[in-house]
Amino acid sequence: MGPEYKRFKPGVSRRVHLFAAPFLWTVAGLLLMVRGWRWLDGPSHPLFLLTAITLGSMKSLLLLDRITRRTVHRIRYFADNTCLGAVYSWKSWLLVLIMILAGTLARHFCTPGPVLGTPYLAIGWSLLFSSRLGWPAFWQER
């Protein structure tokens, strides 16, 4: 690829990647949690809320924490000017696309309420909770 390609490549520093990784999970997690909370109607469904937080914590501790550590480790080996999209692997981006499509289909075929709000809140909490492992890597990068 020639020099014209480099002009359009969104290359950023390793520090920006270390910021982007937990930032995206934090924002996505908060958005999903807000939507799930609204559909649960907040504290009026404590059992659904407890279920969501429990499942989200389990997903975070058993799956997403490992992915977060692997992502941070991979980013630490990036050279500066690596494409911003490389913040996550192509498999992770594919999973993001599948999850977006699944959420869209779920909202299309299900009436928003506790049954849909619970997984939204659980997934959002798991993303937010696991993002805690990415932020220290960003703050430590000088």
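The structure displayed is predicted, hence computed values, not measured ones.

What counts, and at which threshold
- Residues numbered from 1 in each chain as written.
- Predicted model: local features only at pLDDT ≥ 70, side-chain atom pairs only at ≥ 80, totals over all residues.
- Heavy atoms only, no water.
- Helix = DSSP H or I, 4+ residues; strand = E, 2+ residues; numbered from the N terminus.
- Buried < 20%, exposed > 50% of the residue type's maximum accessible area, 1.4 Å probe, protein only.
- Contact = heavy atoms within 4.5 Å.
- Expected span 1.5 Å × (residues − 1).
- Axes fitted to C-alpha atoms, helices over the stretch in contact; angles between N-to-C directions.
- Parallel < 35°, antiparallel > 145°, perpendicular 65-115°, else oblique.
- Left-handed = near helix turned anticlockwise from the far one by under 90°.
- Nonpolar A, V, L, I, M, F, W, Y, C, P; charged D, E, K, R; others polar.
- Polar contact = N/O pair within 3.5 Å; in protein donor to acceptor, adjacent residues only side chain to side chain.
- pLDDT = per-residue confidence, 0-100.
- Salt bridge = Lys/Arg side-chain N within 4 Å of Asp/Glu carboxyl O.

## What about the overall build of the protein?
Alright, step 1. Tallying secondary structure elements over the protein gives six helices and two strands in all.
Alright, step 2. What you see in the protein, going N to C, is helices and strands ordered as α-β-α-α-β-α-α-α.
Alright, step 3. The principal-axis extents of the C-alpha atoms in the protein amount to approximately 55 × 30 × 20 Å.
Alright, step 4. Within the protein, the fraction of its 142 residues that count as buried is 32%.
Alright, step 5. Long-range pairs, those at least 24 residues apart, make up 87% of the contacts in the protein with a sequence separation of at least 6.

## Some points on helix α2 (residues 14-40)
Alright, step 1. Between its terminal C-alpha atoms α2 stretches 39 Å, which fits the 39 Å expected from 27 residues at 1.5 Å a residue.
Alright, step 2. Buried within α2 are the following residues: His17, Leu18, Ala20, Ala21, Pro22, Trp25, Thr26, Gly29, Met33, Gly36, Trp39 and Leu40.
Alright, step 3. At its buried positions, α2 is contacted by β1 (11-12), α3 (46-76), β2 (82-83), α4 (90-109), α5 (114-130) and α6 (135-140).
Alright, step 4. Immediately beyond the C-terminal end of α2, within one or two residues, lies aspartate 41, with a positive phi of roughly 60°.

## Looking at the packing of α3 against α5
Alright, step 1. Two elements in contact, α3 and α5, have axes separated by 7 Å at closest approach and are oriented at 40°. With respect to α5, the element α3 is oriented oblique. As for the relative orientation of α3 and α5, their crossing is right-handed in sense.
Alright, step 2. Classifying every residue of the contact of α3 with α5 by side-chain character gives 14 nonpolar, eight polar and two charged.

## Here we look at the environment of aspartate 65
Alright, step 1. Within the secondary structure layout, aspartate 65 lies in helix α3.
Alright, step 2. Between the alpha carbons of aspartate 65 and glycine 117 there is a distance of 23 Å; along the sequence they are 52 residues apart.
Alright, step 3. Apart from the residues within four sequence positions on either side, aspartate 65 is in contact with Ser60, Ser130, Arg132 and Leu133.
Alright, step 4. Among the polar contacts made by the side chain of aspartate 65, one reaches the side chain of arginine 132 at a distance of 2.8 Å.

## Regarding the confidence of the model for the protein
Alright, step 1. Looking at the protein as a whole, the pLDDT averages 91, with 94% of positions reaching at least 70.
Alright, step 2. Taking the mean pLDDT of every element in the protein, the minimum, 61, falls on helix α1 (residues 3-8) and the maximum, 96, on α6.

## A word on the pattern of salt bridges
Alright, step 1. Across all of its chains, the model carries two salt bridges by this definition.
Alright, step 2. Salt-bridge contacts for arginine 14 lead to glutamate 141; the nearest nitrogen and oxygen are separated by 3.1 Å. Of this pair, arginine 14 sits in helix α2 while glutamate 141 sits in the segment after α6; the two residues are 127 residues apart in sequence, bridging distant segments of the chain.
Alright, step 3. Its salt-bridge partner being aspartate 65, residue arginine 132 comes within 2.8 Å of it at the nearest N-O pair. Separated by 67 residues along the polypeptide, arginine 132 in the loop between α5 and α6 and aspartate 65 in helix α3 bring together distant segments of the chain.
Alright, step 4. Its relative accessible area of 3% is what places aspartate 65 among the buried residues.

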